[in-house]
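# Residue-level structure breakdown
Take a look at the letters that make up each chain.
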Amino acid sequence: MSDNTTENFVFDSFDLSDPNLQGWDGQGGGPPDIAAGEHLFEFASIVVKNTKAGDGKNFECELRVVGGDADGKTTKTWYHFASDKGLKDGSKKRIAHVFRDVLGVMNASGGFETKDVPGRRMYATVSHEERTQYDAQTQQNKTFVNLSLSCERKAEDDQAAVAASPPPAKAASAP
């Protein structure tokens, strides 16, 4: 008996026979590609997205590591900025810190344009946070390791410190 619903799949976006294509079993993703510690990040993109619950909006930012062992690795982070339930004070402070104080993208109207964010750089401390979630299908808990950013500071801080330090003293010449 022939099954007329069988189709042959060829994927346009990737080659399933590629030996460099890593398989994934759907379990926790393991340690993130970016090690814990301080890194220099560059904003690659920022888009406005609805929250998963559909009751607010987030800035979804893709950041790329500049330099070090993780050079070129990317991560995403979200900044909550609008909510049907009212925006929490912590969200307001986070946006003020990152976008106004660290990136300096605030405009005269007290906001900023997303087009001004890509290409901006900042230092941030990376930490790895474990979370466990129950999977109803397997009836087991799964552990995930998420990357979290904190302690953001201006990328120019290091350059300003170098410029402010006195030049090295000249060695005394012998008589």
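Further remarks concern the nonpolar core. By size, the foremost hydrophobic cluster in this structure holds 22 residues, and its most contacted members are Phe41, Phe43, Cys61, Tyr79, Phe99, Leu103 and Met122. The set of elements that each furnish at least two residues to this core consists of strand S1 (37–50), strand S2 (56–65), helix H1 (89–102), strand S4 (121–135) and strand S5 (140–154).

Of note, Gln139 is a non-glycine position whose phi angle comes to about 55°, a positive value. Its location among the elements puts Gln139 in the loop between S4 and S5. We note that Cys151 has phi near 55°; this positive angle belongs to a residue other than glycine. Tracing the sequence through the fold places Cys151 in strand S5.

Attention now goes to the sheet that holds S5. Overall, antiparallel pairing links the five strands, which are arranged S3-S2-S1-S4-S5 in an open sheet. Bordering the open sheet on either side are strand S3 (74–83) and S5, each of which pairs with just one other strand. Here the average twist between neighbouring strands, direction ignored, is 35°. Here S4 runs beside S5; their pairing, made up of 13 bridges, is antiparallel. Bridged to Met122 within S5 is Lys154. In the packing of H1 onto the sheet, the strands contacted are S1, S2, S3, S4 and S5, and the crossing angle to S5 comes to about 45°.

Before going further, it helps to examine the pattern of salt bridges. Counted under the stated rule, the structure contains 11 salt bridges. Between Glu60 and Lys49 there is a salt bridge whose closest N-O contact spans 3.8 Å. Here Glu60, found in strand S2, pairs with Lys49, found in strand S1; they are 11 residues apart in sequence, far enough to count as distant. A relative accessible area of 40% places Lys49 in the partly exposed class. Note that Arg100 and Asp101 form a salt bridge whose closest N and O atoms lie 2.6 Å from each other. Taken together, the salt bridges that share partners define one network made up of Glu42, Arg64 and Arg121.

When you line up the elements, Asn58 lands in strand S2. Of the residues examined, Asn58 reaches a relative accessible area of 14% and is grouped as buried. At 3.0 Å, the side chain of Asn58 forms a polar contact with the side chain of His80. Aside from chain neighbours lying at most four places away, what touches Asn58 is Val47, Val48, Lys49, Thr51, Trp78, Tyr79, His80 and Phe81.

About the thresholds
Residues numbered from 1 in each chain as written. Predicted model: local features only at pLDDT ≥ 70, side-chain atom pairs only at ≥ 80, totals over all residues. Heavy atoms only, no water. Core = buried A, V, L, I, M, F, W, Y, C linked by side-chain atoms within 4.5 Å. Buried < 20%, exposed > 50% of the residue type's maximum accessible area, 1.4 Å probe, protein only. Helix = DSSP H or I, 4+ residues; strand = E, 2+ residues; numbered from the N terminus. Pairing = 2+ DSSP bridges. Axes fitted to C-alpha atoms, helices over the stretch in contact; angles between N-to-C directions. Contact = heavy atoms within 4.5 Å. Salt bridge = Lys/Arg side-chain N within 4 Å of Asp/Glu carboxyl O. Polar contact = N/O pair within 3.5 Å; in protein donor to acceptor, adjacent residues only side chain to side chain.

What is shown is where atoms sit, not what they do.
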